[in-house]
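Letter by letter, the chains look like this.
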Amino acid sequence: MKILVWLTEGTWEACVDAARDLLDGQITLLHIIDPAIAEVLAVPPTALLGRGKPLAAPDTLADAQHALLDAAAARLGRPTARLGRRGRPEREAVAASADTDILVLARDGDHTSLGPRSLGHATRFVIDHAPCQVLLVWPDRPPDLATIPPPPPHPPAKRTHRPR
Amino acid sequence: MVSTAVTVALLLGVLAFAVARPWRLPEAAAAVPAAVLVIASGLVPWPAAVHELMLLGPTVGFLAAILVLAHLADTEGVFRYAGAAAARYSGGSPRRLLAVVFAIAAAVTAVLSLDATIVLLTPIVFATAAGVGARPKPHVYACTHLANSASLLLPVSNLTNLLAVAASGLGFLTFAKLMALPWLAVIAVEYLIFRWFFADDLATPAHPQPAAPVRAPRFALTVLTATLAGFAASEPLGIHPAWIALAGALILGGRRALRRSGTPGGSDRVTNHPTRLREIWSLVVAANPAFCAFVFALGIVVLAVSRTGFGALVDRLTPHHADLPGLLAMAALAAILANLLNNLPATLMLVPPVAHTPGLVLAVLLGVNIGPNLTYVGSLATLLWRQVLHAHDHSPATGEFLRLGALTVPAGLAVAVAALWLGLRVFGVS
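Note that this is a predicted model, so its numbers are computed, not measured.

With respect to the overall build of chain B
So, point 1. The helix and strand tally for chain B stands at 21 helices and 0 strands.
So, point 2. Residue burial in chain B is summarised as follows: out of 430 residues, 57% are buried.
So, point 3. Carbon and sulfur atoms make up 71% of the accessible area of chain B, which amounts to about 17,200 Å² in all.

Let's talk about the overall build of chain A
So, point 1. The helix and strand tally for chain A stands at 5 helices and 5 strands.
So, point 2. Traced from its N-terminal end to its C-terminal end, chain A shows the element sequence β-α-β-α-α-β-α-β-α-β.
So, point 3. The contacts in chain A between residues at least 6 apart in sequence include a share of 72% that link residues at least 24 apart.
So, point 4. Carbon together with sulfur atoms contributes 55% to the accessible area of chain A, which is approximately 9,200 Å² in total.

Side note on a nonpolar patch on the surface
Residues and elements named next belong to chain B.
So, point 1. Together, Leu237, Ile239, Trp243, Leu246 and Leu250 give the surface a local cluster of nonpolar side chains, amounting to about 540 Å² of exposed area.
So, point 2. Take the nonpolar patch: its biggest share by element is 3 residues, from helix H12 (residues 241-262).
So, point 3. Looking at where Leu246 falls in the secondary structure, it is placed in helix H12.
So, point 4. A residue is classified by how much of its surface remains accessible, and Leu246, at 36% relative accessible area, is partly exposed.

A word on the sheet that holds strand S2 (residues 26-33) of chain A
Residue and element names in this part refer to chain A.
So, point 1. Pairing is parallel across the open sheet formed by 5 strands, whose spatial order is S3-S2-S1-S4-S5. At either margin of the open sheet sits one strand with a lone partner, and together these are strand S3 (81-86) and strand S5 (133-137). Each adjacent strand pair in this sheet contributes to an overall mean axis angle of 25 degrees, direction not counted.
So, point 2. Strands strand S1 (2-7), S2, strand S4 (102-106) and S5 of the sheet are contacted by helix H1 (residues 12-22), whose axis makes an angle of about 165 degrees with S1.

Here's the deal with the pairing of S5(A)
Residue and element names in this part refer to chain A.
So, point 1. Bridging between S4 and S5 involves 5 bridges; their strand directions are parallel. By the bridge assignment for S5, Leu105 is matched with Leu136.
So, point 2. Of the crossover connections in this fold, the one passing from S4 over helix H5 (residues 121-129) to the parallel S5 is right-handed.

With respect to the environment of Ala335(B)
Residues and elements named next belong to chain B.
So, point 1. For Ala335, the position within the fold is in helix H16 (residues 324-340).
So, point 2. The exposure class assigned to Ala335 is buried, which follows from its relative accessible area of 7%.
So, point 3. For the pair Ala335 and Val409, spaced 74 residues apart in sequence, the C-alpha to C-alpha distance is 9.1 Å.
So, point 4. The contact partners of Ala335, leaving out residues within four places of it in the chain, are Gly367, Val368, Gly371 and Leu413.

Points about the layout of surface pockets
All names here are of chain B.
So, point 1. Of the voids in this model, the second largest pocket is the one considered here, and its volume is about 330 Å³.
So, point 2. In terms of lining residues, the second largest pocket is bounded by 14 residues, among which Val78, Ala107, Val108, Leu221 and Leu224 are the most central.
So, point 3. Contributions of two or more residues to the lining of the second largest pocket are made by helix H4 (78-90), helix H5 (94-112) and helix H11 (218-237).

Digging into the packing of aromatic side chains
All names here are of chain B.
So, point 1. Counting across every chain of the model gives 8 aromatic pairs over all chains.
So, point 2. A ring pair is formed by Phe62 and Phe231, whose centres lie 5.5 Å apart and whose planes are at 65 degrees; its orientation type is edge-to-face. Highlighted residues: Phe62 in helix H3 (residues 46-75) and Phe231 in helix H11, separated in sequence by 169 residues. Each member of the pair, Phe62 together with Phe231, is buried.
So, point 3. Pairwise contacts between aromatic rings join Phe102, Tyr141, Tyr191, Phe194, Phe197 and Phe198 into one cluster.
So, point 4. Over the ring of Tyr89 we find Arg88; its NZ or CZ atom is 5.5 Å from the centre of that ring.

A short note on the nonpolar core
So, point 1. With 148 residues, the main nonpolar core has Leu11(B), Phe79(B), Phe294(B), Leu298(B) and Leu366(B) as its most contacted residues.
So, point 2. Among the elements that make up this core, the one with the highest residue count is H3(B) (15 residues).
So, point 3. Counting residues in hydrophobic clusters, the runner-up holds 21 residues, among them Trp12(A), Ala18(A), Ile102(A) and Val104(A).

Regarding the confidence of the model for chain B
For any part of a model where pLDDT is low, the fine detail of the predicted coordinates should not be relied upon.
So, point 1. In this model, chain B carries an average pLDDT of 84, and 90% of its residues clear a pLDDT of 70 or more.
So, point 2. Across chain B, the element-wise mean pLDDT spans from 47 in helix H20 (residues 388-391) of chain B up to 95 in H5(B).

Some thoughts on the pattern of salt bridges
Residues and elements named next belong to chain B.
So, point 1. Tallying each qualifying case throughout the model produces 13 salt bridges over all chains.
So, point 2. Where Arg256 meets Glu76, a salt bridge forms, and the shortest distance between an N and an O atom there is 3.3 Å. Residue Arg256 is located in helix H12, and its partner Glu76 is located in the loop between H3 and H4; the two are separated by 180 residues in the primary sequence. For the residue pair Arg256 and Glu76, the accessibility class agrees, reading buried in each case.
So, point 3. Among the ionic pairs, Asp201 bridges to Arg135, the shortest N-O distance being 3.4 Å. Within this pair, whereas Asp201 is found in helix H10 (residues 199-202), its partner Arg135 is found in the loop between helix H6 (114-131) and helix H7 (137-149), the two being separated by 66 residues in sequence.

A word on the confidence of the model for chain A
So, point 1. Put simply, chain A has an average pLDDT of 83, and 84% of its residues get 70 or more.
So, point 2. Note that pLDDT drops below 50 for residues 44-54 of chain A; the model gives that stretch 45 contacts with residues more than four away or on any other chain.

Considerations on the environment of Asn158(B)
Residue and element names in this part refer to chain B.
So, point 1. Relative to the helices and strands, Asn158 is located in the loop between H7 and helix H8 (159-168).
So, point 2. For the pair formed by Asn158 and Ala110, sequence separation is 48 residues and the distance between their alpha carbons is 8.1 Å.
So, point 3. Excluding residues within four positions of it along the chain, Asn158 makes contact with Leu114, Ser151 and Asn369.

Quick look at the environment of His207(B)
Residues and elements named next belong to chain B.
So, point 1. By the secondary structure assignment, His207 is in the loop between H10 and H11.
So, point 2. Classification of His207 by relative accessible area gives buried; the value is 17%.
So, point 3. Sequence spacing of His207 and Gly91 is 116 residues, and the spatial spacing of their C-alpha atoms is 7.5 Å.

Describing H7(B)
So, point 1. Taking 1.5 Å as the rise per residue, H7(B) with 13 residues should run 18 Å; its terminal C-alpha atoms sit 18 Å apart, in good agreement.
So, point 2. The buried count for H7(B) comes to 13 of 13 residues, which makes it a mostly enclosed element.

Remarks on H3(B)
Residues and elements named next belong to chain B.
So, point 1. Across its 30 residues, H3 extends 42 Å between first and last C-alpha, which sits within 8% of the 44 Å expected from 1.5 Å per residue.
So, point 2. The principal kink in H3, of about 35 degrees, is found at Leu56, preceding the proline Pro58 by one to four residues.
So, point 3. Remark: Gly77 follows H3 within two positions and exhibits a positive phi of approximately 90 degrees.

Rules used in this analysis
- Residues numbered from 1 in each chain as written.
- Chains lettered and ligands numbered in written order.
- Predicted model: local features only at pLDDT ≥ 70, side-chain atom pairs only at ≥ 80, totals over all residues.
- Heavy atoms only, no water.
- Helix = DSSP H or I, 4+ residues; strand = E, 2+ residues; numbered from the N terminus.
- Buried < 20%, exposed > 50% of the residue type's maximum accessible area, 1.4 Å probe, protein only.
- Areas by Shrake-Rupley, 256 points an atom, 1.4 Å probe, with all protein chains shown as cover.
- Contact = heavy atoms within 4.5 Å.
- Patch = residues over 30% accessible without salt bridge, like charges linked within 9 Å, V, L, I, M, F, W, Y side chains within 5 Å.
- Salt bridge = Lys/Arg side-chain N within 4 Å of Asp/Glu carboxyl O.
- Pairing = 2+ DSSP bridges.
- Axes fitted to C-alpha atoms, helices over the stretch in contact; angles between N-to-C directions.
- Right-handed = clockwise from strand over helix to strand, strands pointing away.
- 1 Å grid on protein atoms, 1.4 Å probe; cavity = no way out; pocket = protein on both sides within 12 Å on 5 of 7 lines; lining within 4 Å.
- Points joined across faces, edges and corners; volume = space filled by probe spheres on them.
- Phe/Tyr/Trp six-rings, centres within 6.5 Å; stacked < 30°, edge-to-face > 60°.
- Lys NZ or Arg CZ within 6 Å of the ring centre and 35° of its normal.
- Core = buried A, V, L, I, M, F, W, Y, C linked by side-chain atoms within 4.5 Å.
- pLDDT = per-residue confidence, 0-100.
- Expected span 1.5 Å × (residues − 1).
- Bend = angle between axes of the 7 residues up to and from the residue.

So, in structure tokens, the structure goes:
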């Protein structure tokens, strides 16, 4: 089984753990650099008021990507392929999972208030469009049963006429 | 009519050159010849040109001194320390890190000017966010946004403020007193919108870090605090704050030089001499003489535009009373002009017609400082990374930045104008 693990800052540990403990197969670790952040950091040396040096060395983001992939490989503790990409994260993740059996990703978004909007924009997009099975992982701990809201006090009124 | 067209074309040419920077020439390479041209052709008479240069002199000197001061603060480790402090106070939580970054970016922008935040603080914030396992985007965007919108507080925070203070004669303390409330209001609005806009990225779990002790650069922080106090004290004493900034830079740079020659390794002349030359050269680069020349030349070219029919048009468009609708109209006009032209020519053009009314001058600054967050090309701060689009030929993820600007700029302008109006009433200034 080909397993693709999409790593993002802040939540990648949970994805690596899930792939290691729950799945059996050939693992590829994926990290994507967001060009939006690259733009902010990659100011050329001669920019206006730039005072002759770029904001960050051009390979700062690539270095950060390498470091993250290294840390993830070490946490995984078994041989793995690495895939570093650059582009709009949700679209790159979908494109990268074209040739895989299962994609592992972490739930994005605020899950202190669970409900229809608790999935972040990127997670939502990938779940909708990924051309493979998807394993969705909680970045911290899964919620317990108490987070289910109580049922509404009155059952919804029964419709007498059902349009046909 | 012809002179209007010629001068406006010259101004647009100078600005276009500054953005495109063909063959990596400094922006002054087009601006200085353009300034010489308008003087030689009589569009700006000699006495008016000399008067403009005298007016801009202390302002540009102040800018250069602040740039050097920020550079020295960086070499002394002030920004590294700020990053370490941010990591510690965040406790590994992305949301708390955002709050700390907001506080630091607002303070750095206010005291050391917007480009200290963009050039010196932003890379540190990126590294800090990566270090605590947070997604860096909200925190890095916060720096670029606050570099503009948090540059309201002091005359030193933004070159636009310095130009407006020079043209209107507003005092340092009066400026700070009236702008404190709008500054706080804009930062609060930006913070709330950032929390909502980046809710996904900020909701990742906290990664508590072992607290790594970082030694505070006490001397540099003391000098910066004393310089800030000096700015406030210089006004009653009748000293231009540029001298205070220069004194701060000299103290920081002087101690650095002394310490170098005092260390055992420092007596090794063979290695020491080139190092010292390189350090002095880095100070000259930090002061950015080419950019200072650009500001002088831009002042002359804008003066030429203002003296033609275009200036009369701007004069007719500007409101004349610092009441709430007047302030709002002024700030909106300034924001639009800052996005169309750039914030520097917008300031040079809008401040002289309203220089007699402090309220309207400050409303112009609200517009030219907050407005640039709306688009890429708005201000120098955003021009800094505008050029990336030319350098790398990838499709930019500009949509997100524009959406964020479309949210923060109108809201920020509205609360800032209301806060300014309130401040003017409370302090009895019109």
